[in-house]
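Topology and contacts: notes
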Amino acid sequence: MKRYAELAPSQRTIMTPGPVEVDPRVLRALSYPILGQFDPEFTSYMNDTMEMLRSLFRTTNQWAFPVDGTSRSGIEAVLTSLIEPGDKVLIPIYGRFGHLLYEIAERVGAEVAYIEKEWGTVFDPEEVISAIHKEKPALVLMVHGETSTGRMQPLAEIGKACRELGILFVVDAVATIGGVPVLTDEWCMDAVIGGTQKCLSVPSGMAPITYNAIAAAKINARKTIERGLRTAADIDAYNASVRPPVIRSNYFDLAQLQDYWSPARLNHHTEMTSMLYALREGLRLVLEEGLEERFARHRLNESALVAGLEAMGLSLYGDPNCKLPVVTCITIPEGVDGESVRSLLLNMFGIEIASSFGSLKGKIWRIGTMGYSCRQQNVLQVLGALEAVLIRHGARVHTGAGLQAALDVYDQT
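About the criteria used
Residues numbered from 1 in each chain as written. Predicted model: local features only at pLDDT ≥ 70, side-chain atom pairs only at ≥ 80, totals over all residues. Heavy atoms only, no water. UniProt positions renumbered as here; feature names shortened; annotations may be inferred. Domains from an automatic or database assignment. Contact = heavy atoms within 4.5 Å. Buried area = accessible area lost by both parts, 1.4 Å probe. Salt bridge = Lys/Arg side-chain N within 4 Å of Asp/Glu carboxyl O. Helix = DSSP H or I, 4+ residues; strand = E, 2+ residues; numbered from the N terminus. Buried < 20%, exposed > 50% of the residue type's maximum accessible area, 1.4 Å probe, protein only. Expected span 1.5 Å × (residues − 1). Polar contact = N/O pair within 3.5 Å; in protein donor to acceptor, adjacent residues only side chain to side chain. Axes fitted to C-alpha atoms, helices over the stretch in contact; angles between N-to-C directions. Parallel < 35°, antiparallel > 145°, perpendicular 65-115°, else oblique. Left-handed = near helix turned anticlockwise from the far one by under 90°.

The chain has the name (S)-ureidoglycine-glyoxylate aminotransferase in an unreviewed UniProt entry, where Paenibacillus catalpae is given as its organism. Database annotation for the chain, UniProt heading Sequence similarities (unreviewed entry): "Belongs to the class-V pyridoxal-phosphate-dependent aminotransferase family."

1. Points about the domain arrangement of the chain
One frequently used descriptor of interface size is the decrease in accessible area upon assembly of the parts. Under the domain assignment, the chain is made up of domain 1 (23-286) and domain 2 (291-411). With centres defined by C-alpha atoms, the gap from domain 1 to domain 2 works out at 31 Å. Listed by partner, the interface residues are 30 residues for domain 1 and 26 residues for domain 2. In total, about 2200 Å² of surface goes out of reach between domain 1 and domain 2, with carbon and sulfur atoms giving 62% of it. It is Arg58, Trp119 and Arg151 in domain 1 that bury the most area against domain 2; as a group they hold 22% of the surface buried on that side. The interface formed by domain 1 and domain 2 holds 1 salt bridge in total. With a shortest N-O distance of 3.1 Å, Glu292 and Arg58 are connected by a salt bridge.

2. Regarding the UniProt feature "binding site: substrate" (unreviewed entry) in the chain
Mapped onto the present numbering, the UniProt feature "binding site: substrate" (unreviewed entry) falls at Arg366. Its location among the elements puts Arg366 in strand β13 (residues 364-368). Of the residues examined, Arg366 reaches a relative accessible area of 6% and is grouped as buried. Once you skip the residues sitting within four places of it in the chain, Arg366 turns out to touch Met15, Pro17, Thr147, Ser148, Val327, Thr328, Cys329, Ile353, Ala354, Ser355, Ser356 and Phe357.

3. Considerations on helix α10 (residues 273-289)
Since the α-helix advances by 3.6 residues per turn, residues separated by three or four positions end up pointing in the same direction. For α10, with 17 residues, the first-to-last C-alpha span of 25 Å sits near the 24 Å given by 1.5 Å per residue. Among all positions in α10, only Thr273, Met275, Leu276, Tyr277, Ala278, Leu279, Glu281, Gly282, Leu283, Leu285 and Val286 are buried. Turning to α10, the residues buried within the fold contact α1 (24-30), α2 (40-57), β2 (63-68), β10 (206-211), α9 (254-261) and α11 (291-312). In the stretch just after α10, Gly290 is the one whose phi turns positive, near 100 degrees.

4. With respect to the environment of Asp124
Note on placement: Asp124 falls in the loop between β4 (111-116) and α5 (125-135). Each C-alpha atom of the pair Asp124 and Glu157 lies 9.8 Å from the other, and the pair is 33 residues apart in sequence. Polar contacts involving the side chain of Asp124 include one to the main-chain amide nitrogen of Glu126, which spans 2.8 Å.

5. Describing the packing of α11 against helix α13 (residues 376-392)
At their nearest, the axes of α11 and α13 sit 10 Å apart, and the two run at 15 degrees to each other. Here α11 lies roughly parallel to α13, going by the angle between them. Where α11 crosses over α13, the two elements pack in a sense that is right-handed. Across the interface between the two elements, Asn301, Ala304, Leu305, Gly308, Leu309 and Met312 from α11 touch Gln376, Val379, Val382, Leu383, Leu386, Glu387 and Leu390 from α13.

What follows is the structure, encoded as structure tokens:
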């Protein structure tokens, strides 16, 4: 019988746009004893999590809870529950994850209209508003922070226009929640999806979401109770009702998940106990640091990284006026093997940075400064290691200038 070695993952400095390093206090929370999902102690942790998510999303929404699964599960749950077959949706696309919204919306039966912007830029809000007036969709789906290109889309004007026209505005904030402001109520966003494995520094496995009463009304109009849980009264009410098409997923049915997260605690699935501990602890740490202080930390480390890269002689990719503060994209110097650089960084220094996707594959590197990974020590290490590796690859860099420029930024604060 084959014997397997004891699990012993290597210690890495993870500077990708996700996943990122996890705070040791969150890792400790993952090791706590399991409680039953309806144990009052555990349901109190569920309630804590909902309260903290409202603070994080800057919302007074009743519904703010995690979907069990990676960030994509949150996107699927929101789109599957809000989009009825035949609904027209408008998707402004400026990177890979706008295309993901298109694919999921199409799979759940939407009539999809889209506009597309050159990667490395974002839309002027008026371009989107003009398309909204032209297409007259039921929903607008948009990415806030596009990690594939390192850009961030302004949303406030678009949200206001959608609200005035009675159009649902759904936003993917997976890359931005916990790292930059996400103002759900102020920007008139009807549903927002976040992620754990980026700026929250919690392992991948939950997708925090929030949605308002307008979205909830559309979801509840399609509500069913799982067959095995129905009482006689439920059956009579269901048979007598005329309702829109049922939500096409059981697992991602937000109407049923609402009952699970409400005081009714109507059984839906077995909650991911340890991940709930981790998320609760991660949210506690975010709020303990303070949202504004956390955003300032992300801006500071971004500034030091950018100063170091530019002083080294490297070129940044994309329009600087819409740069995503938690992801920095670097144009790979001509003649340099980008994958070889990444491999040497990982194997010799234990540092991981990312490449990109689609038309940008092999053309840029992406460095994330997110959550617990967003630390002075990490920024200085990646700058020093990248300089050394580039020299080994024959690239012309300004030796020593990168670290000094970053140190200058830190000295100023």
